[in-house]
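# Observations on the three-dimensional arrangement
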Amino acid sequence: MHFPSPPSPDYDFRPPEDWSEFTEVVSLAYGGYDHSPEHRATAAELLEPKRSLLACTAGRPCATLAGYSLDMTLPGTGPRPVLGLGYIAVSPAHRRRGLMRELIRRTLADLHTTRAEPVAVLNSTEPDIYGRFGFGAASHAVSLAIPVEARELTEMPAGDGPPLTLEVASPAESEAAVAAVCRAGLAERPGTLRREGAWLRRSLADPPADRGGAGRLLCMLATDGTAVRGYALYRLTAGWTRSYPRFTVSVRELCATDPAAYAFLWRALLDVDLGGTVVAEARPVDDPVLALLADPRSAAPTVRDQLYARAVDVDRALAGRGYAAEAELVLEVSDPLCPWNEGRWRLITGPAGADCVRTHAAADLALTARELGAVLLGGGSFAQLALAGRVTELRPGAVRAATVAFRHDPAPYCPVVF
Ligand SMILES: CC(C)(COP(=O)(O)OP(=O)(O)OC[C@H]1O[C@@H](n2cnc3c(N)ncnc32)[C@H](O)[C@@H]1OP(=O)(O)O)[C@@H](O)C(=O)NCCC(=O)NCCS
């Protein structure tokens, strides 16, 4: 692996005072767009200066990295602390001088030294940026566009609960109900984030300047008289085809506590008055709607990479999640950016938990930190990575054992971009 020399001493690194030190670099790096005042206020509220980093030259910020203290569900566990990285941006005049690499290196080294979060996660603008830093594509999302002629659902699960009714409210009015549904589903799917306070408000935010010509954000609630059992955040964009209304229904989020509420909400979205194509840009790859639609092919599901994950400390990251099967594996890890991870680790997994310690025993599998990141949330497959030549099997049967132990149902997915 090629490692350029660290950035020149003209740069110094320090935590930001507040969000105002991010704005110019972020705006320049992301194409000169200025965020709306609402967006800036939320970004300022969410920024954790002590966990974030700036590179400066002559006293002026020229590169940024925001660190967020998140609680994320890992395979087989409830929410666990992870560090979310966001707003990794370098001013155009300072790009390709190693500033992004140095911001990430310092952040990971600090997490290791302080024994803070054992896992770091991020969303990436482009898929080939972060592999070199040991981040692997750990969750995927599927985009769907369900045309009018493919609205039919095969089943409507009845469920045991009382009959459901539909309410449509503003996101602000729905905040408590959305929070309750999110909480109820928190432990189920790896990648799910605990969302309270500012993170929840951000998920419900709808600044008029960011609507891009669409209507305002609405919230469908599936209620049974005593409890809200699901919600869908969506908006309509007006459109007409040969004088017929074909408004695009864009689904931002849909979450339900049980199959009946889930199907009920999809049914409601597919039946919206004036509705044309129902578009959902990012759904879990195993979203039940793909099994509910009579004609899923028409929805043209397209898979894309979503969350990138990294083991900050191999032992703590691997011991901190659950596994689907018992296995004993010696992993030979290559990790030049985080040299404390290099070498062999014995991982013993079982339903009660896992143990991961250094070993001199012969390795069963050889891989880099990037591959470990890809399987960390239970989504990636050792078998697939081995077939792609990215994991080397050194003991027959080790790939199969690792694939079964690391995989998790349901698949990881994160509805939040941070
Ligand atoms: C992406 C960005 C942060 C890179 O910053 P940078 O300081 O120029 O990156 P570095 O000089 O540290 O580059 C480190 C390595 O990443 C590679 N790299 C940088 N940007 C890349 C990109 N967009 N695609 C692929 N590789 C990239 C470099 O070529 C270098 O490769 P090497 O390991 O072979 O030497 C910067 O170009 C930027 O701000 N882009 C716009 C905003 C953005 O997309 N941010 C990412 C948010 S997730």
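Bear in mind that the values here come from a model prediction, so they are computed numbers and not experimental data.

### A closer look at the nonpolar core
Core analysis: the biggest nonpolar cluster contains 56 residues, and Val 121, Leu 318, Leu 365, Leu 372, Phe 382, Phe 406 and Phe 418 have the highest contact counts within it. Setting aside its immediate chain neighbours within four residues, Phe 382 contacts Leu 365, Leu 367, Val 375, Val 391, Val 399, Ala 402, Thr 403 and Phe 406. One finds Ala 263, Ala 268, Ala 280 and Ala 299 within the second-largest nonpolar core, a separate group that totals 31 residues.

### Details of the side chain of Gln 306
Along the chain, the position of Gln 306 falls in the loop between strand E15 (302–305) and strand E16 (307–311). Within the structure, Gln 306 has its side chain in polar contact with the side chain of Ser 139 (distance 2.7 Å). In this structure the side chain of Gln 306 is engaged in a polar contact, spanning 2.6 Å, whose partner is the backbone oxygen of Cys 414. Residues contacting Gln 306, with those up to four places away along its chain left out, are Leu 122, Asn 123, Ser 124, Ser 139, His 140, Ala 141, Tyr 413 and Cys 414.

### What to know about the site of the ligand
Neighbouring residues of the ligand: 22 residues in total, closest Val 90, Arg 96, Gly 98, Arg 101 and Thr 125. A distance of 2.9 Å separates a nitrogen atom of the ligand from a polar atom in the backbone of Ile 88. Between the ligand and Glu 126 there is a distance of 3.0 Å, counted from a nitrogen atom to a side-chain nitrogen or oxygen. Burial of the ligand by the protein chains amounts to 81% of its free accessible area of 900 Å². Every element with two or more residues in the shell around the ligand is listed here: strand E4 (79–90) and helix H3 (99–113). Considered class by class, the residues forming the shell around the ligand number 10 nonpolar, 5 polar and 7 charged.

### Details of the pattern of salt bridges
Scanning the entire structure with this criterion turns up 21 salt bridges. One salt bridge connects Arg 344 with Glu 332, and the closest N-O pair in it is separated by 3.3 Å. On the criterion of sequence distance, the pair formed by Arg 344 in strand E18 (residues 343–350) and Glu 332 in strand E17 (residues 327–334) is long-range, its members being 12 residues apart. Look at the salt bridges and you will find they share partners, linking Glu 102, Arg 105 and Arg 106 into a network.

### Comments concerning the domain arrangement of the protein chain
Here the protein chain is described as being made up of domain 1 (11–117), domain 2 (141–305) and domain 3 (308–406). Here domain 1 and domain 3 have C-alpha centroids that lie 28 Å from each other. Counting residues at the interface gives 15 residues for domain 1, matched by 13 residues for domain 3. The three residues of domain 1 that bury the most area against domain 3 are Pro 75, Leu 108 and His 112, which together make up 48% of that side's buried surface. Scanning the region where domain 1 abuts domain 3 turns up 0 salt bridges. Between the two partners, domain 1 and domain 3, sit 5 residue pairs in polar contact (both at pLDDT 80 or more). In terms of residues, the side of domain 1 that touches domain 3 owes the most to one element, H3, which gives 7 residues. Taken together, the residues of the side of domain 1 that touches domain 3 sort by class into 7 nonpolar, 3 polar and 5 charged.

### A look at the UniProt feature "domain: N-acetyltransferase" (unreviewed entry) in the protein chain
Here, UniProt's "domain: N-acetyltransferase" (unreviewed entry) annotation points to residues 9–154. In this annotation, residues 9–154 is assigned 24% helix and 34% strand; the end-to-end C-alpha distance for the span is 64 Å.

### A short note on the UniProt feature "binding site: acetyl-CoA" (unreviewed entry) in the protein chain
As annotated by UniProt and renumbered to match this structure, "binding site: acetyl-CoA" (unreviewed entry) occupies Ile 88, Ala 89, Val 90, Arg 96, Arg 97, Gly 98, Leu 99, Met 100, Arg 101, Thr 125 and Glu 126. Position of Gly 98 among the secondary structure elements: in the loop between E4 and H3. For Gly 98, a relative accessible area of 18% translates into the label buried. Among the structural elements, Arg 101 can be located in helix H3. Given the relative accessible area of 15%, Arg 101 is considered buried.

### Things to note about the pairing of E4
The two faces of a sheet get side chains in turn, since along a regular strand they alternate between them. Buried residues dominate E4, accounting for 9 of its 12 residues. As paired elements, strand E3 (residues 60–73) and E4 share 10 bridges and run antiparallel to each other. Bridging from a neighbouring strand, Ala 66 pairs with Gly 86 of E4. Joining the antiparallel neighbours E3 and E4 is a turn of 5 residues, in which Gly 76 adopts a positive phi near 75°. Here E4 pairs with strand E5 (residues 119–123) via 3 bridges, running parallel. Bridging across to E5, Leu 83 finds its partner in Ala 120. In the classification by handedness, the crossover that spans E4, the intervening H3 and the parallel E5 is right-handed.

### What about the sheet that holds E18?
Within the open sheet, the 5 strands sit side by side as E19-E18-E17-E20-E21. Their pairing is mixed. Lying at the two open borders of the sheet, with one neighbouring strand each, are strand E19 (353–358) and strand E21 (392–393). Two elements, strand E20 (residues 365–368) and E21, share 2 bridges in a ladder whose sense is antiparallel. Looking across to E21, one finds that Ala 366 is bridged to Thr 392.

Calculation rules
- Residues numbered from 1 in each chain as written.
- Predicted model: local features only at pLDDT ≥ 70, side-chain atom pairs only at ≥ 80, totals over all residues.
- Heavy atoms only, no water.
- Core = buried A, V, L, I, M, F, W, Y, C linked by side-chain atoms within 4.5 Å.
- Buried < 20%, exposed > 50% of the residue type's maximum accessible area, 1.4 Å probe, protein only.
- Contact = heavy atoms within 4.5 Å.
- Helix = DSSP H or I, 4+ residues; strand = E, 2+ residues; numbered from the N terminus.
- Polar contact = N/O pair within 3.5 Å; in protein donor to acceptor, adjacent residues only side chain to side chain.
- Near = heavy atom within 4 Å.
- Areas by Shrake-Rupley, 256 points an atom, 1.4 Å probe, with all protein chains shown as cover.
- Nonpolar A, V, L, I, M, F, W, Y, C, P; charged D, E, K, R; others polar.
- Salt bridge = Lys/Arg side-chain N within 4 Å of Asp/Glu carboxyl O.
- Domains from an automatic or database assignment.
- Buried area = accessible area lost by both parts, 1.4 Å probe.
- UniProt positions renumbered as here; feature names shortened; annotations may be inferred.
- Pairing = 2+ DSSP bridges.
- Right-handed = clockwise from strand over helix to strand, strands pointing away.

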